[in-house]
Amino acid sequence: MPYPEGFILLVMGVIFVGVGIGVLFWGRREEKSDSDALVARTDMRKFLEYSPERSRSEALKMGGWISIIIGLVMLGIVGGLRLWG
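Since we're looking at a predicted model, the values are computed, not measured. (Residues numbered from 1 in each chain as written. Predicted model: local features only at pLDDT ≥ 70, side-chain atom pairs only at ≥ 80, totals over all residues. Heavy atoms only, no water.)

**Student:** Any chance you could explain the overall build of the protein here in plain terms?
**Tutor:** When helices and strands are counted, the protein shows three helices and zero strands. Listing each helix as α and each strand as β along the protein from the N terminus yields α-α-α. Taking all contacts inside the protein whose residues are at least 6 apart in sequence as the whole, residues at least 24 apart take part in 92%. Surface summary for the protein: the accessible area is close to 6500 Å², and the carbon and sulfur share equals 68%. (Helix = DSSP H or I, 4+ residues; strand = E, 2+ residues; numbered from the N terminus. Contact = heavy atoms within 4.5 Å. Areas by Shrake-Rupley, 256 points an atom, 1.4 Å probe, with all protein chains shown as cover.)

This is the structure in structure tokens:
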């Protein structure tokens, strides 16, 4: 594979990893803010029985991990092509 295509794949891999890390931290921050909001309430029953209809923080964390994995696969492909290609 010529150098320009390998470089494009390398840049895409780095972008996927960077975005994945950012989204992962964003999901963790969302989860922490949701937990802090629940702890601040005086009704402990509400805190113990709380389960959100949509778990946005879990979806963000899962999306971050998927993006990181895709980016690492791209970087592995570039490394393999540079090594053997």
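**Student:** Looking at this structure, I do not really get helix H3 (residues 56–84). What am I missing?
**Tutor:** Every α-helix carries 3.6 residues per turn, so stepping three or four residues along brings you back to the same face. The end-to-end C-alpha distance of H3 is 42 Å, a good match for the 42 Å that 29 residues give at a rise of 1.5 Å each. Buried residues of H3: Ser57, Leu60, Lys61, Gly64, Ser67, Ile68, Gly71, Met74, Val78 and Gly80, and no others. (Expected span 1.5 Å × (residues − 1). Buried < 20%, exposed > 50% of the residue type's maximum accessible area, 1.4 Å probe, protein only.)

**Student:** Looking at this model, I keep getting lost on the environment of Ser55. Mind explaining?
**Tutor:** By the element assignment, Ser55 lies in the loop between helix H2 (44–48) and H3. Relative accessible area serves as the criterion here: at 33%, Ser55 is assigned to the partly exposed category. When the C-alpha positions of Ser55 and Glu30 are compared, they lie 10.0 Å apart, and in sequence the two are 25 residues distant.

**Student:** Just checking my understanding: could you explain the environment of Arg29 for this structure?
**Tutor:** Looking at where Arg29 falls in the secondary structure, it is placed in helix H1 (residues 3–39). By relative accessible area, Arg29 is classed as exposed at 56%. With 28 residues separating them in the primary sequence, Arg29 and Ser57 have C-alpha atoms 8.1 Å apart.

**Student:** Help me out: how do you make sense of the environment of Ser57 in this one?
**Tutor:** Of note, Ser57 is situated in helix H3. C-alpha separation for the pair Ser57 and Glu31, spaced 26 residues apart in sequence, amounts to 5.3 Å. Those residues in contact with Ser57 that sit more than four places away from it in its chain are Gly27, Glu30 and Glu31.

**Student:** Help me understand the side chain of Ser67 in this model?
**Tutor:** Examined against the element boundaries, Ser67 turns out to sit in helix H3. Within the structure, the side chain of Ser67 is placed 2.7 Å from the backbone oxygen of Phe16, a separation counted as a polar contact. Once residues within four sequence positions are removed from consideration, Ser67 is found in contact with Phe16, Val17, Val19 and Gly20. (Polar contact = N/O pair within 3.5 Å; in protein donor to acceptor, adjacent residues only side chain to side chain.)

**Student:** How should I be thinking about the pattern of salt bridges in this particular structure?
**Tutor:** It is possible for side chains of opposite charge to pair when their charged atoms get near one another. This structure, assessed with the given rule, holds three salt bridges. Note that Arg56 is salt-bridged to Glu30, the shortest N-O span being 2.8 Å. Taken together, the positions of Arg56 in helix H3 and Glu30 in helix H1 put the pair 26 residues apart, joining distant regions of the chain. Residue Glu30 is classed as buried on the basis of its relative accessible area, which comes to 16%. The residue Lys61 makes a salt bridge to Glu31 at a minimum N-O spacing of 2.8 Å. Pair noted here: Lys61 is in helix H3 and Glu31 is in helix H1, with a separation of 30 residues, a long-range link. Given the relative accessible area of 16%, Lys61 is considered buried. Looking at Glu31, the relative accessible area reads 29%, which means it is partly exposed. A network of salt bridges, in which partner residues are shared, links Glu31, Glu58 and Lys61. (Salt bridge = Lys/Arg side-chain N within 4 Å of Asp/Glu carboxyl O.)

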